[in-house]
Amino acid sequence: KRYYYSSWDHGINPVWSSDGKGVFYVSNNEVAHGTGDLVYLNLKDGVVKKIQHEETNWRMRPDISPDGSRMVYSSYQGRGYHQLWLLPVEGGYPFPLTYGEFDNVNPRWSPDGGRIAFISNREGNTTLWTVDALEGKQEKIQSAEFKFLKPHQLLRLQFRDEAGKVIPARISITDLSGKFCAPVNSWIQADDALYPGQHRFEYHYFYSNGNTEVYVPMERLLISASHGPETEISKLNVDASKIINQPSVVTIKSFPVPADYGKWQSADLHVHMNYGGNYLNNPDNLLKQASAENLNYVFNLIVNKEQRIPDVSWFSEISRVSPDKKSMLFHAQEYHTSFWGHLGLLNLTDHFMLPDYSGYPYTAAASLFPDNTWVAARAREQKGLAGYVHPFEMSEVLPVIKPDMHHELPVSAALGLVDYYEVIGFADHRASEYIWHQLLNCGLKIPAGAGTDAMMNYSSLRGPIGLNRVYVPSDGTLNTESLLSNIRSGRSFVTNGPLLGFSVDGKNPGDEISIAAGGAMLNYKAFLRSQVPLDYFEVVWNGEVIAKHTLIDTRRYADVSGKVKVKGPGWLLIRAGSNAAHPDLPDLYPFATTNPIWISVPGNPVYISSKSGALFSGWVERLEKIVREFSEFRAESERKLILENIGLAQAFYKAVEVKGLK
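Given the structure is predicted, the values throughout are model-derived calculations rather than measurements.

A.B. asks: Honestly, the environment of E422 in this entry has me stumped. Any pointers?
C.D. replies: Residue placement: E422 occurs in strand β28 (residues 420-424). For E422, a relative accessible area of 0% gives the class buried. Sequence separation of E422 and S248 is 174 residues, and the distance between their C-alpha atoms is 40 Å. Leaving out residues up to four positions away in the same chain, E422 has contacts with H270, Y388, V389, H390, P391, S432, G449, A450 and G451. Here H390 takes part through its backbone nitrogen, which lies 2.9 Å from a polar atom of the side chain of E422.

Okay, structure coming up:
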C-alpha cells in the first residue's frame, strides 16, 4: 500500500540514454513513499535496473550528459529545497552541484556538455540560469525583449476604494477567449478548479499593490478585482484598442452593513507559505498577499512535504506585522499524521514538534503513537491551540460513517482537547458541518474555525489566501490575545465568502442565554452580504432548520428579523450558502455559518442527543479495534496509552447515548 501521491504505479520523467539503447525514468514500483526511484530500462531485454534509491518527486527530471558518462537531476535529499546533483549513469554516490535555500530544478545539458541550464526561484519568481559543469559559475539569462504573436499595448490600471485611496487587490485579466494576461514580473497563480460550460480555463490571478502595468492584446478585455469578502467584486470591460495614456481606475466598493455590526477582523488559520510550489515565498510577500485580500491574521502552518519541512527555519520568528499595521503573520504548525487526521497547532510558544507526524509506514515513525490527543495536550503545555483541519469529505461520513474511519476527532473532543474545528477548509464544508453539529449535540462546545490550506508558492493549486476565514470582533487593532480568545470562545463566524451577522435577544455567537424549563420565544435578527448569489439563509436549532429566509433579486443581500420558540437546552446559529459552485468564488460552493448561541435552562446547561452519542460511540469502538490489532507500536505502553484515552471517550459517548434525548 502506497502512503501518498497515488495508489497506482507510475513511471515519469523519462530521458533517453546517450546511446539510445535505454531510458532513464522515475518509477514508484514497490516504493511506499514518494514518486519513486531513479531506474534504467534496457530496451533490448526489458530489464529494469535501479540507479538511485531516494525519496524523489516529480521534479527529479534527470538529463544525461552528451558524452553519456553522467547525469544531472534535481533533488532535495537531506534539505528543504531542490538543488542540482550529479551522478554516474551506472549509479554510485551523487554529489550536489548547486547549494541554497531555494529551488533549482529542470536541469538540461548544453550540447557541448559544458553548461547546464535550469530554472531557479531564488528571486521568488522563476528565472532561467546556467551553471558551468566544471567550475560551478552561475549566470542568469536575461530577457532582452518580448515578441508578441499579435499587437499588444501597455494598459495602466489603478485600484481604489470608495474614498479614492489606492488599495492592493487580487486581479484577473482575460481576453474574450478566456486567456489571461498578467504583468511581466508578477507571480501568476491559478485555482486548480475548472467550471465546465462557464470557463475554458482555470481562474488565473495576480496580486497588485494598487498600481499595475500590463501588456495586453488590442481587443476587448474583462478585468476583475477583489479585496476580500467585505467588498464587491469589481468588473470592468476595456477595449484595449482604444486605450488612452491615463490609468484606468477601478473602484472596489465595500458592502454596506448594519450600523450595529461593529468592527471585525478576519483570520485564515491554515496557510502554507512554501509547500513545494514553483515560487519561493517569504513573510514579507505573504503579508502583501494577505493585504490584497484584506486579511488581518495569517497562520503559516509549517509542515513536512515528503521528508522535508520547507519553512521550519521560520518557526523561531513568532510573528510579523505588515508595514500598514493591518496584517499579522504567525508561524505555527500542522501536525501531519494522516492516520489520525491533521492537526493545526496555533500559538506554540516554545518549540516545533518533531518529526511532525506518526504512523508513516516503513519509517522510524511507523508507530501510531504519539496520537493526536497526546499531541494536542503537549501543544496546550506550550499555551497553544489545537484544532482539526480539513476534516471530512461527503463520502467519508454520509450517509453513514465509513467502517474503516480511523480519524481521532471524537476521542480528542471527548477529552476536551479540541480548541477549534475547521468547518470550512480544504474539504466538503457540509460534511464537516454535519460532524460538527453531532459534536455540539453531545454537549461539546467546540468552536468552528476556518482555514484555506492555501499553498501560496504554487502556481496552480488551492487558494487564494483568505478564501476560508474566521471573523472575530475587534477594536480595529491587531491583538493576538484577543484573536485567540475569540477563536476559543466561538465569538465568530466562518465563511468562504458570505458575510453574516446574527444576534438573539441581544446576545451574539459564543454567548449563552438562560431560559425557563418550559421554553421561551426568542427574538433574533440577522444580515447577509455576499459577492455571489446564494440559495439559502436559515436558522438552525440543535442541527435542524427552524426558520428560512427568502433571498430575492440578486440573492446576495438580506436584513431580517424573526422569532423562534425553543425549549431548552440547545444551540442556535445561522448559516447561508449555495448548492453549486460559482466561478467568482474558487471553492466547492459558497458557504458560511456562525458559531452557536447557547441556550440553557436551570440545572441543564447543554443539549445532548442519544443519536449523536451513538454515532460517536460506534466510531470510537472501531478505533479501539484498529488500535488493538495494530502491529507497529514500539512498545505495548504506547498502545495502552491510546487505549486509555479511547476508553475515556467510549465512556463519555455511552453516557450521552444513554442520557440524551431520543
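A.B. asks: Teacher, can you tell me more about the side chain of N372 here?
C.D. replies: Mapping N372 onto the fold places it in helix α2 (residues 372-381). Assessed through its relative accessible area of 0%, N372 is described here as buried. If near-sequence neighbours (up to four positions away) are discounted, N372 is found in contact with T337, W340, G341, L343, Y388, E408 and S412.

A.B. asks: So what exactly am I meant to see when it comes to the pairing of strand β4 (residues 48-52) here?
C.D. replies: Walk down a regular strand and you will see the side chains alternate between the two sheet faces. With 4 bridges connecting them, strand β3 (residues 37-42) and β4 associate as antiparallel partners. By the bridge assignment, L41 is partnered in β4 with V48.

A.B. asks: In this structure, what is going on with the pattern of salt bridges? I would like to understand it.
C.D. replies: Between side chains of opposite charge, a pair can form when the charged atoms approach closely. Under the defined criterion, the tally for this structure stands at 30 salt bridges. In this structure, E232 and R556 form a salt bridge, with 2.8 Å as the shortest nitrogen-oxygen distance. Taken together, the residues E232 in the loop between β19 (220-226) and β20 (234-239) and R556 in the loop between β37 (544-548) and β38 (557-566) connect sequence positions 324 residues apart. For the pair E232 and R556, a shared accessibility class is recorded, and that class is buried. Between D535 and R555 there is a salt bridge, with its nearest N and O atoms 3.1 Å apart. Note that D535 is positioned in the loop between β35 (520-529) and β36 (536-541) and R555 in the loop between β37 and β38, a separation of 20 residues in sequence.

A.B. asks: Teacher, can you tell me more about unusual backbone geometry here?
C.D. replies: Backbone geometry follows two general trends: most residues other than glycine have a negative phi, and most peptide bonds adopt the trans configuration. Along the chain, L354 connects to P355 via a cis peptide bond; the corresponding omega equals 10 degrees. With respect to the secondary-structure elements, P355 resides in the loop between β26 (343-346) and α2. Going from L398 to P399, the amide bond is cis rather than trans, its omega being 5 degrees. For P399, the location among the structural elements is in the loop between α3 (394-397) and α4 (409-414). With a phi close to 65 degrees, K325 is a non-glycine residue in the positive phi region. Mapped onto the elements of the fold, K325 is located in the loop between β24 (319-321) and β25 (328-335). Overall, the relative accessible area of 60% leaves K325 in the exposed class. The backbone of D356 shows a phi angle near 85 degrees, a positive value even though the residue is not glycine. Given the relative accessible area of 0%, D356 is considered buried.

Rules of the game
Residues numbered from 1 in each chain as written. Predicted model: local features only at pLDDT ≥ 70, side-chain atom pairs only at ≥ 80, totals over all residues. Heavy atoms only, no water. Helix = DSSP H or I, 4+ residues; strand = E, 2+ residues; numbered from the N terminus. Buried < 20%, exposed > 50% of the residue type's maximum accessible area, 1.4 Å probe, protein only. Contact = heavy atoms within 4.5 Å. Polar contact = N/O pair within 3.5 Å; in protein donor to acceptor, adjacent residues only side chain to side chain. Pairing = 2+ DSSP bridges. Salt bridge = Lys/Arg side-chain N within 4 Å of Asp/Glu carboxyl O.

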